[in-house]
Amino acid sequence: MKVLLTAALLLAASFAAPAQQPQPAPADRFDPSLKEFVEKFKGRGALEDSSKPLTPEETIKHFKVADGLVMEVVGAEPIIRQPLNLHFDERGRMWVVQYLQYPFPAGLKIIKYDQYIRAVFDKVPPPPPNHFKGADKISIHEDTDGDGFFDQHKEFLSDLNICSSVTTGRGGVWVLNPPYLLFYPDQNRDDIPDGPPVVHLSGFGLEDTHSVASSLNWGPDGWLYGANGSTTTGLVKGVRWLGQCIWRYHPETGEFEIFAEGGGNTFSMDFDSKGRAYSGTNHGNTRGMHYPQGGAGIKNWGKHGPLMNPYSFGFFEHMAHKGFEPRFAQSMVIYEGGAIPRLEGRIIASMSLMNRVMASDLLRDTSTYQTIDLDPLILTDDRWFRPVDTEVGPDGAIYLADWYDSRLTHVDPRDTWDRVHGRVYRLKAQGAKPMKPFDLAKQSSAELIKVLSHPNEWFRNTAIRLFADRKDKSVIPALKQLVETEKGQLALEAFWALNLSGGFDEAVAVKTLNHPNEKIREWTIRLIGDTKKISPPIASRLVTLARDEKDVQVRSQLASSCERWPGPAVLPIVRELILRNEDVDDRHVPLLIWWAVESKAVSDRQLLLEKLKESALWQAPIFARYITARLGQRYTAERNEQNLRTAAQLLAMAPTPQDVDALVRGMEAGLQGDVVKAVPAELLARVEEVWKSRPHNATLIGFALRLGYEPAGKAALQLVADTKTSAAEKKKYLEMLSERRMESAVPVILDLLRNERNEALRIDLLNALQRFANAEIGRAILELFPKFSARLRATAQTVLASRPDWSLWLLEAVDKTAIKPEQITIATVTAIQNHKVAAADTLIKKHWGRLRQSDAEKNEKIASVRRLLAKGKGDAAQGRPTFMLICGTCHKLNNEGATIGPELTGYERDNLDFMLPAIIDPSLGVREEYTAFNVTTKDGQQLLGFLDENTPQSITLRDLTNNKIKIAREDVKTLEASHTSVMPDGLLDALNDQQIRDLFAYLTRKN
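Computed from a predicted model, the values in this text were never measured in an experiment. (Residues numbered from 1 in each chain as written. Predicted model: local features only at pLDDT ≥ 70, side-chain atom pairs only at ≥ 80, totals over all residues. Heavy atoms only, no water.)

Draft legend 1. How the structure looks around the sheet that holds strand β19 (residues 269-271). Reading across the sheet, the three strands line up as β19-β20-β21 and stay open at both edges, with antiparallel pairing between neighbours. Each edge of the sheet is formed by a strand with only one pairing partner; in this case those strands are β19 and β21 (289-291). With direction set aside, neighbouring strand axes in the sheet form an average angle of 30°. Bridging between strand β20 (residues 277-279) and β21 involves three bridges; their strand directions are antiparallel. Considered in β21, the bridge of Ser279 is made with Met289. (Pairing = 2+ DSSP bridges. Helix = DSSP H or I, 4+ residues; strand = E, 2+ residues; numbered from the N terminus. Axes fitted to C-alpha atoms, helices over the stretch in contact; angles between N-to-C directions.)

Draft legend 2. Structural view of empty space enclosed by the protein. Summed over the entire model, instances satisfying the criterion amount to seven cavities of 30 Å³ or more. When its volume is computed, the largest cavity comes out at roughly 720 Å³. Around the largest cavity, the lining is made up of 41 residues, and of these Asn217, Trp218, Glu391, Trp458 and Asn461 lie nearest the centre. (1 Å grid on protein atoms, 1.4 Å probe; cavity = no way out; pocket = protein on both sides within 12 Å on 5 of 7 lines; lining within 4 Å. Points joined across faces, edges and corners; volume = space filled by probe spheres on them.)

Draft legend 3. Expanded view of the pattern of salt bridges. For the structure shown, the criterion picks out 62 salt bridges. One salt bridge connects Asp373 with Arg287, and the closest N-O pair in it is separated by 2.7 Å. Placement of the pair is Asp373 in strand β26 (residues 368-373) and Arg287 in the loop between β20 and β21, with a sequence separation of 86 residues. Here Asp373 falls in the buried class, since its relative accessible area comes to 13%. (Salt bridge = Lys/Arg side-chain N within 4 Å of Asp/Glu carboxyl O. Buried < 20%, exposed > 50% of the residue type's maximum accessible area, 1.4 Å probe, protein only.)

Draft legend 4. Highlighting the side chain of Ser215. Structurally, Ser215 is set in strand β13 (residues 214-218). Residue Ser215 is classed as buried on the basis of its relative accessible area, which comes to 7%. Polar side-chain contacts of Ser215 include one of 2.9 Å to the backbone nitrogen of Ser268. Residues within four places of Ser215 in sequence aside, it is in contact with Ser165, Tyr225, Gly226, Ala227, Phe267, Ser268 and Met269. (Polar contact = N/O pair within 3.5 Å; in protein donor to acceptor, adjacent residues only side chain to side chain. Contact = heavy atoms within 4.5 Å.)

Draft legend 5. Up close: the pairing of strand β25 (residues 356-365). Across the ten residues of β25, eight count as buried, placing the element largely inside the fold. The turn joining strand β24 (residues 347-351) and β25, which pair antiparallel and follow one another in sequence, is formed by four residues; a positive phi near 55° is taken by Asn355. In the sheet, β25 pairs with strand β27 (residues 378-380) via two bridges, with the strands oriented antiparallel. From the neighbouring strand, Arg356 faces β27, where its bridge partner is Leu379.

Draft legend 6. Expanded view of the sheet that holds strand β14 (residues 224-228). Read across the sheet, four strands follow the order β13-β14-β17-β18 without closing on themselves; strand pairing throughout is antiparallel. Here the strands that pair on one side only, and so sit at the sheet edges, are β13 and β18 (256-261). For this sheet the average axis-to-axis angle between neighbouring strands, irrespective of direction, equals 25°. Here β14 pairs with strand β17 (residues 245-249) via five bridges, running antiparallel. Bridge pairing in β17 places Leu224 opposite Tyr249.

Draft legend 7. Layout of helix α30 (residues 855-871). For α30, built from 17 residues, the straight-helix expectation of 24 Å at 1.5 Å per residue is met to within 8% by its first-to-last C-alpha distance of 25 Å. Along α30, the residues that are buried comprise Lys858, Ile862, Val865, Leu868 and Leu869. Buried residues along α30 cover an arc of 130° about the axis, so they all sit on one side. Exposed residues lying more than 90 degrees from the buried face of α30 are Ala856, Ala870 and Lys871. (Expected span 1.5 Å × (residues − 1). Arc of directions from axis to C-beta.)

Draft legend 8. Structural detail: the packing of aromatic side chains. Here the structure, examined in full by the defined rule, presents 32 aromatic pairs. Considering the side-chain rings of Phe63 and Phe385, the 4.9 Å spacing of their centres and the 75° angle between planes classify their relative orientation as edge-to-face. In this pair, Phe63 sits in strand β1 (residues 63-65) while Phe385 sits in the loop between β27 and β28 (387-392), placing the two residues 322 residues apart along the sequence. The residues Phe63 and Phe385 share a single accessibility class, namely buried. Grouped by ring-pair contacts, the aromatic residues Tyr99, Tyr102, Trp403 and Trp417 constitute a single cluster. One residue, Arg803, lies across the ring of Trp806, its end atom 5.4 Å from the ring centre. (Phe/Tyr/Trp six-rings, centres within 6.5 Å; stacked < 30°, edge-to-face > 60°. Lys NZ or Arg CZ within 6 Å of the ring centre and 35° of its normal.)

Draft legend 9. Here's a closer look at the pairing of strand β10 (residues 172-177). β10 sits mainly inside the fold: six of its six residues count as buried. Relative to β10, strand β9 (residues 165-168) is paired through four bridges, and the arrangement is antiparallel. Paired with Val166 across the bridge in β10 is Val175. The antiparallel hairpin formed by β9 and β10 contains three residues in its connecting segment, where Gly169 sits at a positive phi of about 145°. Here β10 runs beside strand β11 (residues 180-185); their pairing, made up of six bridges, is antiparallel. The residue bridging Trp174 from the neighbouring strand is Phe183, located in β11. Count of turn residues in the β10/β11 antiparallel hairpin: two residues.

Draft legend 10. Seen up close, the side chain of Ser560. Inspection of the secondary structure assignment puts Ser560 in helix α11 (residues 552-562). The buried category is assigned to Ser560, whose relative accessible area is 4%. Discounting residues that sit within four places of it in the chain, Ser560 has contacts with Pro292, Gln293 and Leu592.

Draft legend 11. Just the packing of helix α19 (residues 681-693) against helix α20 (residues 698-706), in detail. As a packed pair, α19 and α20 sit with axes 11 Å apart at the nearest point and diverge in direction by 155°. Comparing the axis directions of α19 and α20 gives the class roughly antiparallel. Seen along the crossing, α19 lies across α20 with a hand that is left-handed. Of the residues in α20, those in contact with Val687, Val690 and Trp691 of α19 are Leu700, Ile701, Phe703 and Ala704. (Parallel < 35°, antiparallel > 145°, perpendicular 65-115°, else oblique. Left-handed = near helix turned anticlockwise from the far one by under 90°.)

Draft legend 12. Fine view of helix α29 (residues 838-848). The complete set of buried residues in α29 reads Ala840, Leu843, Ile844 and Trp848. Across the axial projection of α29, the buried residues extend over an arc of 105°, all falling on one side. Along α29, exposed side chains directed more than 90 degrees from the buried face belong to Ala838, Thr842, Lys845 and Lys846. Looking at the buried positions of α29, the neighbouring elements they touch are α27 (804-815) and α28 (826-833).

Draft legend 13. Looking closely at the packing of helix α25 (residues 775-784) against helix α26 (residues 790-801). One way to put it is that α25 packs onto α26 with a least axis distance of 10 Å and a crossing angle of 150°. Taken together, α25 and α26 sit at an angle that is classed as roughly antiparallel. Taken as a pair, α25 and α26 cross one another with a handedness that is left-handed. Contacts from Gly778, Ile781 and Leu782 in α25 reach Ala796, Val799 and Leu800 in α26. The residue inventory of the contact of α25 with α26, partitioned by class, reads five nonpolar, one polar and no charged. (Nonpolar A, V, L, I, M, F, W, Y, C, P; charged D, E, K, R; others polar.)

Draft legend 14. Local environment of the nonpolar core. Leu542, Trp565 and Leu631 are the most contacted members of the largest nonpolar core, which totals 197 residues. Every residue in contact with Trp565, bar those within four places of it in the chain, is listed here: Ile525, Ile528, Gly529, Lys532, Lys533, Ile534, Leu542, Leu558, Val570, Ile573 and Lys600. Judged by nonpolar contacts, the second largest core, of 23 residues, contains Leu69, Ile340, Leu377 and Ala429. (Core = buried A, V, L, I, M, F, W, Y, C linked by side-chain atoms within 4.5 Å.)

Next up, the structure:
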């Protein structure tokens, strides 16, 4: 069962006038070839919600707010509509991005959707002022009389075209308007741009306007940071990325880089009071991602491919979480506003999919964090409540931008978005007093120093930004004095201000590397790292620090910065970090150390090999667990002659048999995928030496086999045929033999398939056979098919359907009554159709008729089921077994069911406007992580499944029976995302009226 809610929810928004009547997307938005895609949504009632919007006053009444807090409306329609992003300037004024152009950029036409179902436009839009005029705008809202409510409103910019974020600073206003980062100068601060915008950056992707670059935020280092969502790409200043990341730009130097990558559909971005970076996510049951510099987090590997560095060989998970589980929080902020003591230091997480706002404890978890939920801050039964941005204001209150729309998904191209509404709320402590008007920019630099002690982080951050704007060197002595004499937060704030005022240099760094405040030591390392230069005295001091530093986050930053410095300075530091045994179980540090080592593996190859002559290094727990195998993998994954020679050197210098085994394990992993074309003689000699020195386990056999060592192939065949070999070991050998397409293995595997009784092993045998284009295989499987169990038949028909001749034979067997039609799944029949063989299509029509229902039939079915459910109630208890039978084979609900499709627990299951189209027309919208891929190999095989891995050497496909197949990249002819759901049409057709009522009673039951 497929639910239409997109995994991201949103950056949600709209693109035209009020949506009292849903309208189809304008014809000029799409190339004529996409007419069918647009038309299929007509008449579904899909993705709409029959609930009605409430007035702002009524909305407030529906909120259940935590004790001691008050929720109030501070902005609403018609002044504010579809708010996406909030920013407070140095005068305490609220800037609002109103994202009214979404989802289609003005002036562009979608000509196709690529293999990952990302829109491809006919052109790149020009930047303002000569741009295609859109509906987005940025408004400014001011409380002029200090009564706590915004009484003056103005537009700063209008006619923008997909504008996602705004912030002020450096003498003007920064606007993120993908594909551009724009700067509008406004030196006199009259809210009228002094001239046309300056294009600072270009190349941010527009492929999916619910996941564009967003969330501008000044870092305490003076860089401008932003987030990028999961479905858009980027190519900015030569830096290319796919999907989610945190990026940053330095306005003075013009440098651009990816600060860290991975996460979910990254939206919102915040720094805590120590300068640590976090973002919201759409990944699982989490509250967000913590990003150390240079960190690489989990991604949707199938859709987004490997990490930017394909030799990362590891990634960070999101912060571990306990508490409310059904869904993620895509917008978050760390509260350090000083006005609500009970929330100080906690995450405030807005959950648009769940119409709620949560608070979570943020607790240390080695060098990173975990979250534990408290009681909800805000609950409501108004499903139009969609908080998409969360900010802490100058008054210490929490401000929420409410998109306010019942619609959730962005896959429906029709204009059913509500463009009338939008709210901004303030969550504050009971009895909190409003602030009087102020303007920090009018304070002298000396006065701003005093602001660095303010209890609200917003004031401190704004003061830091103003120091960066001014570059006032006169404050350097006073700031140095504070850094030297203070030990707590004020010292850190003064240190940041000192750097941004031009007062940080090597002389300061020598002192601050010894500062009693560990955060100043950490930030000193980071600032030195950002220069990408390091002097010998500083390098020497950092070696000592790596050996003696007590704070793990300082060591974490040191490991991060080591990627940025030259190898001769870095490797002595890395050595000391490797020897810190206390970090072996840290969630971040060991991988950061590996990434530092990897960054020098090629550029400083000989220096690294020289360091590796120290046997004590190999015995360090961090090296043994995280480095040894990855080094072997690094030099075999990038298969040039020099790297393969280095692999041979490593095998020769490894001090113990255990180290050799670890290297072999890593090298075997690196060799998977494409075949090695030429193996250096010295590496073959090492292979033979290792082969003769130890027992032949699966890892060693795979390593030797992939390097073309002939005895390894023979050994693998013998062990597959040996009755004493365990089923688990045989599976590994089968994968190797099929991956290398050893034809001599086919008779052995077929013989085992005929005689083996272990069902799991027979499935492995079937999966291995499908990689061989041998007619005997298809005929043998068909001969055995009637005697197979249901589980074996499921795999066998997937194998047969992958090749045109085999699939035709399968249909002919059905036609001759040797196999019953009901034993063949609709998914199999659909896969056979992809071969486009006329004889097969004729047999399909004869035995199965039409596989997909017409739009008219689906519309009528939606209407009829709606009428049926309105006439009577079902029994949830009776509906459970029906769910497990037709839905639970793919979906999990209430911890029951499978995980092939999305888990349903956290969705709005009581909303029939979403659920009915999702069940009856499953291809109407497919969540990106559940997109199936069609793979065609160069020898004519066609496979359908989910991409589990997508690396430069290979892809790993998980088919619809959850079997995994690794295919060498060089064997792949085409790889394309399917626009069709793997869930078949007509799921409800076999149920009677009462069974349908029971099923929906179970589905919509409150947990």
